[in-house]
Amino acid sequence: MNQLWRKLNPAERVSVTLLLGASLVLNAIALLPGVPFLQISGILAPGPYSILKVIELLWESKLYPLVALVVGFSVLFPPAKLAIAAWGAWARVDPSKRAKVLGVLGQLGRWSLLDVFVCLLIVLVLSEQGLTGATIAYGLYCFTTAIIFSMIAGALLHAAAERAQASRGDRPGDKASEPGDAPSTSLLMEMGSPGAIAAGIIAVGLLAVAGSFWLIMFRVDQFGLWGNEWSLEKAIAHFFEHGMAPFGVVVAAFLVVAPAAASGALLFTICAPLSEVERRRWYRRARSITEWAMLDVFAFGMLLYLVEQSNFAKLDLQFGAWAVFGAALVFTVGHWWAVGRVRKTIGGAAPSTGTE
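Since the model is a prediction, treat every value here as computed from it, not as a measurement.

> I'd love a proper account of the overall build of the protein chain, names of residues and values included.
Counting its secondary structure elements, the protein chain contains 13 helices and six strands. Looking at the 356 residues of the protein chain, the share that counts as buried comes to 53%. In the protein chain, the share of contacts with a sequence separation of at least 24, taken over all contacts with a separation of at least 6, comes to 78%. If you sum the accessible surface of the protein chain, you get close to 15,300 Å²; carbon and sulfur atoms cover 67% of it.

> Give a detailed account of the sheet that holds strand E5 (residues 229-230), specifying residues and quantitative values.
Read from one edge of the open sheet, three strands run E5-E4-E6, paired in antiparallel fashion. Two strands close off the open sheet at either side, each with one partner strand: E5 and strand E6 (315-317). Inspection of the sheet shows strand E4 (residues 218-220) paired to E6 by three bridges, in the antiparallel sense. From the neighbouring strand, Val 220 faces E6, where its bridge partner is Leu 315.

> Give me the lowdown on the packing of helix H8 (residues 193-214) against helix H13 (residues 319-347), citing residues and values where you can.
For the pair H8 and H13, interaxial distance at closest approach is 8 Å and the crossing angle is 155 degrees. Taken together, H8 and H13 sit at an angle that is classed as roughly antiparallel. In the crossing of H8 with H13, the sense of the turn from one axis to the other is left-handed. Counting all contacts with H8, which are made through Pro 194, Ile 197, Ala 198, Ile 201, Ile 202, Val 204, Gly 205, Ala 208, Val 209, Gly 211 and Ser 212, the residues of H13 involved are Gly 320, Ala 323, Val 324, Gly 326, Ala 327, Val 330, Phe 331, Gly 334, His 335, Trp 337, Ala 338 and Arg 341.

> With reference to specific residues and values, describe helix H4 (residues 95-109).
Helix length check: H4 (15 residues) gives 21 Å between terminal C-alpha atoms against 21 Å at 1.5 Å per residue, within 8%. Those residues of H4 that fall on the buried side of the exposure criterion are Pro 95, Ser 96, Arg 98, Ala 99, Leu 102, Gly 103, Leu 105, Gly 106 and Gly 109.

> Tell me about a nonpolar patch on the surface, residues and numbers included.
The grouping of Val 25, Ile 29, Leu 32 and Tyr 138 at the surface amounts to a nonpolar patch, some 360 Å² of accessible area in total. You can see Val 25 is positioned in helix H1 (residues 10-30).

> Can you lay out the packing of aromatic side chains for me, pointing to particular residues and giving the numbers?
Summed over the entire model, instances satisfying the criterion amount to twelve aromatic pairs. Each ring, one from Phe 117 and one from Phe 298, has its centre 5.7 Å from the other, and the planes form 80 degrees; the classification is edge-to-face. With a gap of 181 residues between them, Phe 117 in helix H5 (residues 114-126) and Phe 298 in helix H12 (residues 295-308) connect regions that are remote in the sequence. For Phe 298, a relative accessible area of 5% gives the class buried. Through successive ring pairs, a cluster of aromatic residues spans Phe 73, Phe 77, Trp 111 and Phe 300. It is Lys 234 that lies over the ring of Trp 230; its NZ or CZ is 4.9 Å from the centre. Here the guanidinium or amino end of Arg 285 rests over the ring plane of Trp 282, the centre of that ring lying 4.6 Å away.

The rules behind the values
- Residues numbered from 1 in each chain as written.
- Predicted model: local features only at pLDDT ≥ 70, side-chain atom pairs only at ≥ 80, totals over all residues.
- Heavy atoms only, no water.
- Helix = DSSP H or I, 4+ residues; strand = E, 2+ residues; numbered from the N terminus.
- Buried < 20%, exposed > 50% of the residue type's maximum accessible area, 1.4 Å probe, protein only.
- Contact = heavy atoms within 4.5 Å.
- Areas by Shrake-Rupley, 256 points an atom, 1.4 Å probe, with all protein chains shown as cover.
- Pairing = 2+ DSSP bridges.
- Axes fitted to C-alpha atoms, helices over the stretch in contact; angles between N-to-C directions.
- Parallel < 35°, antiparallel > 145°, perpendicular 65-115°, else oblique.
- Left-handed = near helix turned anticlockwise from the far one by under 90°.
- Expected span 1.5 Å × (residues − 1).
- Patch = residues over 30% accessible without salt bridge, like charges linked within 9 Å, V, L, I, M, F, W, Y side chains within 5 Å.
- Salt bridge = Lys/Arg side-chain N within 4 Å of Asp/Glu carboxyl O.
- Phe/Tyr/Trp six-rings, centres within 6.5 Å; stacked < 30°, edge-to-face > 60°.
- Lys NZ or Arg CZ within 6 Å of the ring centre and 35° of its normal.

Now the structure itself:
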């Protein structure tokens, strides 16, 4: 059992150290009492809005399971993730166990952005109104940056852990294939009907992602407010046009680009005639990109807003919202099932004791 830290190259060591350190500092700042995420002005719920405000509103509404969810992922999990990442880097543990833990950490890490998406929804709902509005405060910048930094650090450590695992031959098929492998038939042919179902699920997911981008998700439906309509495409443009470009990038990258790229990579893995090495390479790419696909987090953020909307503004859901929920469902259930079928087929080439 060796330290993963010793297997990192100098650039990776510097990057991981800086990313984890900066994430710790920024996260501590964002969670200080009184640090606002949003500043709401006007006639509708004026004042600062923070994670603590979310928890307070949910508690007053007796939505205790949602209180536990927000506290768990937005308050407790970010520092816990930093501690687990540090453990993965410096502890002497079994390579297979370390890779598995870091992999699970990568899949859960994106849920810390749940409250960020709720805040962005509030900004959209209260934008372009005459008597009320919302501006993003420095706390949201700190918190969002802290989560993204920790996710990048976790991804670097997970990739290094998988390299270490592969060097021991613990990962499925790592010793069974060489770079010169001749192209084989596509996985679609080998998997049979499950392959066709997997490809169909992924194709449906891509259509849902496209629908969630172009179609109107909701319109504001409350007396005294303009009935503005919002799609992801319009939301991204709004953030860029009104001095909130970092959050335009967040929405575009995590809700559109990453889901589409993960689906495309997995569909290519299934349908293209690739060698064994190329199959595994594309599968790992699809799995890694999936960690940054956050349609499920955003969909849950919309549900969280809907249970809080009596404190802000009511929404009239449109077809695009159901496209978001559908795409989130495909990625949560269908995409997960398709990834499992691909992993099973690829791993069948060699005995498996790892987590590939």
